[in-house]
Amino acid sequence: RAPVDLVAVIDRSSSMKDKLDLVRQTLVFMIKQLKAGDHLGLVVYDQTVDVVFPMLDMDTEGKARASGELKIITVGGQTNTSGGLLKALDMIRRRDPEKASAVATVLLFTDGLANLGLTKTAQIKQAVRGVLSQIDAVCSVFTFGYGDEPDPEYLREISEQANGMYYHIQNTDAIPLAFSDCLGGLLSVVGQNLVINIEVEKGVRLVDIKTTYKKQINQNTATITIPDIYSEEEKDILCTVHLDKIENPKEKVSFLNVTLRYTNVILHTNENIFELCEIGRPTEVIKKDINLKIDKQKNRIVCADAMHQALTAGENSDYKKATDILKNAEHIIRRSPTAQDYYCETLVQQLREGQKQVSDKQQFMSIGQYSLSSHTYSHYQQRGTHTSNTYPTSSKARMTTDFQQKY
């Protein structure tokens, strides 16, 4: 695997008192999974921000120091989340270029909204964006929110800003499950800076590209950028194209030229893959079986869009609208050709559960907003979490099993 550089950021405010021991235990597990060549730093914050230890090489000496320093973390007072997060990102920015690993990540552990420093989500996102622009590498931020933190969107938007994932942890037992899922993914990154270029042939027009990844669409070309990909992950990009009428039938004509460029972080090489997409242009349209893989991905988008819209409706206290949106998406998927597929059955199950979770204010505030936030981004990114394991990988499963057996 590729070496990793990690900085853990721990909220040590008074409300974290009952959670710190398990967070420590979780970080001890992480230290054991790292190896020489990996680097780990630790930042803690309350009303002040402290670097417990800098980026240490996880050789025998570094692991011993890190494990020892974890024991002396104590509970403090208020919550300066922005200070802790920005300090961690700055540690990544200031890495020695000669020793820096390809995979760089900040892990933020907190149970509440910031009440010191930058307190508005937009302010923190802007500050994070500013530091990320100065980091000459792919850097992600994963956020872990404990209990009933007031605003899950606060943490989700921070993680989205930096190519991470948001993990909601309802109870302390879920801490190791969430963390081992995250760590299993980070230790299986195989590609970074994926750039997909799509070029259409004459007589073809790109109508739409369904993805939440950064994209640029022009008349004849499109570019999609994906920051990284884990081993065994798949990313499906649905494209809608318009084909002009042609005078003479042809058995096959090319209509899309697709190029993928990315950095192989295992081999430290730049890779290029080219595919030519062809389609038959007969005199009469021949009815063919529906492409089931495409139908499944259409259902994924239907589900994710509905969850996103329902979340917005719930935040506006329109719980009937939120329920109706999820119910309609369930109906669409259940009538689709892939309705009996296990993946699509899982989508339907999540939509049904979502309808209960947005049925009233109490349900939405206690679980619905957290569940929909997690599921929405998971489906858009095709990347699972411990509560939305629709996209499993063997590395994540192995890491979770390992943690459960040892602790």
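Keep in mind it's a predicted model, so treat the numbers as computed, not measured.

### Things to note about the packing of helix α7 (residues 292-315) against helix α8 (residues 319-334)
Axis separation between α7 and α8 bottoms out at 8 Å; the angle between their running directions is 175°. Viewed along their axes, α7 and α8 adopt a mutual orientation that is roughly antiparallel. Taken together, the residues of α8 that come into contact with α7 (itself represented by N299, V302, C303, A306, M307, Q309, A310, A313 and G314) are Y319, K321, A322, I325, L326, A329, I332 and I333. Residue composition of the contact of α7 with α8, grouped by class: 13 nonpolar, three polar and one charged.

### A look at the state of the cysteines
Summed over the entire model, instances satisfying the criterion amount to zero disulfides. C303 takes part in no disulfide bond, and the closest cysteine sulfur, belonging to C344, lies 9.5 Å away.

### Focus on the packing of aromatic side chains
Per the stated rule, a full pass over the model turns up six aromatic pairs. With a centroid separation of 4.8 Å and an interplanar angle of 10°, the aromatic rings of F109 and F144 are classed as stacked. Of this pair, F109 sits in strand β4 (residues 103-110) while F144 sits in strand β5 (residues 139-146), placing them 35 residues apart in sequence. Classification of F109 as buried rests on a relative accessible area of 1%. Seen from their ring centres, F144 and Y167 are 5.1 Å apart, and the 10° between their planes marks the pair as stacked. Of this pair, F144 sits in strand β5 while Y167 sits in strand β6 (residues 166-169), and the two are 23 residues apart along the sequence. By the burial criterion, F144 is buried, and Y167 matches it. Within the aromatic cluster, the residues linked to one another by ring pairs are F109, F144, Y167 and F179.

### Topic: the sheet that holds β6
With respect to topology, six strands assemble into an open sheet ordered β3-β2-β1-β4-β5-β6, the strand pairing being mixed. The sheet is open, and its two borders are formed by β3 (49-57) and β6, each paired with just one other strand. Mean inter-strand twist for the sheet, computed between neighbouring axes without regard to direction, equals 15°. As defined by bridge partners, strand β2 (residues 39-45) adjoins β3 across six bridges and the pair is classed as antiparallel. Bridging from a neighbouring strand, V44 pairs with D50 of β3.

### Some remarks on the nonpolar core
Counting residues in each nonpolar core, the largest one holds 47 residues, and the members touching the most others are L27 and F144. What F144 contacts, discounting residues up to four positions off in sequence, is L107, L108, F109, T110, L155, Y167, I169, A178, F179 and C182. The next biggest cluster of nonpolar side chains, apart from the first, holds 25 residues, and it includes Y45, L85, L89 and I92.

### Regarding helix α10 (residues 361-381)
The end-to-end C-alpha separation of α10 is 28 Å, in line with the 30 Å expected for 21 residues at 1.5 Å each. Where α10 bends most, at G368, the angle is about 50°. Burial within α10 is extensive, with 15 of its 21 residues counted as buried. The opening residue of α10, the one whose side-chain oxygen lies 3.2 Å from the backbone nitrogen of Q362, is D360. Residue Q382 follows α10 closely and has a positive phi angle near 55°.

### Let's talk about the pattern of salt bridges
Here the structure, examined in full by the defined rule, presents 20 salt bridges. For the salt bridge of D21 with R24, the shortest nitrogen-to-oxygen distance reads 2.5 Å. Taken together, the residues D21 and R24, both in helix α1 (residues 20-33) and three residues apart, mark about one turn of the helix. Take D21: its relative accessible area is 55%, and that puts it in the exposed class. Its salt-bridge partner being K125, residue E157 comes within 3.2 Å of it at the nearest N-O pair. In this pair, E157 sits in helix α5 (residues 152-161) while K125 sits in helix α4 (residues 121-132), placing the two residues 32 residues apart along the sequence. Take E157: its relative accessible area is 27%, and that puts it in the partly exposed class. Here K125 falls in the partly exposed class, since its relative accessible area comes to 23%. Connected via shared salt-bridge partners are D228, E233, K235 and R383.

### Observations regarding the pairing of β5
A large share of β5 lies buried, amounting to eight of its eight residues. On β5, burial covers both faces: C139, V141, T143 and G145 on one face and S140, F142, F144 and Y146 on the other are all buried. As defined by bridge partners, β4 adjoins β5 across seven bridges and the pair is classed as parallel. Bridging across to β5, L107 finds its partner in F142. Pairing of β5 with β6, which is carried by four bridges, proceeds in the parallel orientation. The partner of G145 across the bridge, within β6, is H168.

### What to know about the environment of A2
With respect to the helices, strands and loops of the structure, A2 is situated in the segment before β1 (4-11). When the C-alpha positions of A2 and A102 are compared, they lie 7.1 Å apart, and in sequence the two are 100 residues distant. What A2 contacts, discounting residues up to four positions off in sequence, is V103, V189, V265 and I266.

### Focus on the environment of V207
Mapped onto the elements, V207 comes out in strand β8 (residues 204-210). Among the residues examined, V207 registers a relative accessible area of 44% and is labelled partly exposed. Considering only alpha carbons, one finds V207 and R156, 51 residues apart in sequence, at a separation of 30 Å. The residues contacting V207, other than those within four sequence positions of it, are T240, V241 and H242.

Calculation criteria
Residues numbered from 1 in each chain as written. Predicted model: local features only at pLDDT ≥ 70, side-chain atom pairs only at ≥ 80, totals over all residues. Heavy atoms only, no water. Axes fitted to C-alpha atoms, helices over the stretch in contact; angles between N-to-C directions. Helix = DSSP H or I, 4+ residues; strand = E, 2+ residues; numbered from the N terminus. Parallel < 35°, antiparallel > 145°, perpendicular 65-115°, else oblique. Contact = heavy atoms within 4.5 Å. Nonpolar A, V, L, I, M, F, W, Y, C, P; charged D, E, K, R; others polar. Disulfide = S-S within 2.5 Å. Phe/Tyr/Trp six-rings, centres within 6.5 Å; stacked < 30°, edge-to-face > 60°. Buried < 20%, exposed > 50% of the residue type's maximum accessible area, 1.4 Å probe, protein only. Pairing = 2+ DSSP bridges. Core = buried A, V, L, I, M, F, W, Y, C linked by side-chain atoms within 4.5 Å. Expected span 1.5 Å × (residues − 1). Bend = angle between axes of the 7 residues up to and from the residue. Polar contact = N/O pair within 3.5 Å; in protein donor to acceptor, adjacent residues only side chain to side chain. Salt bridge = Lys/Arg side-chain N within 4 Å of Asp/Glu carboxyl O.

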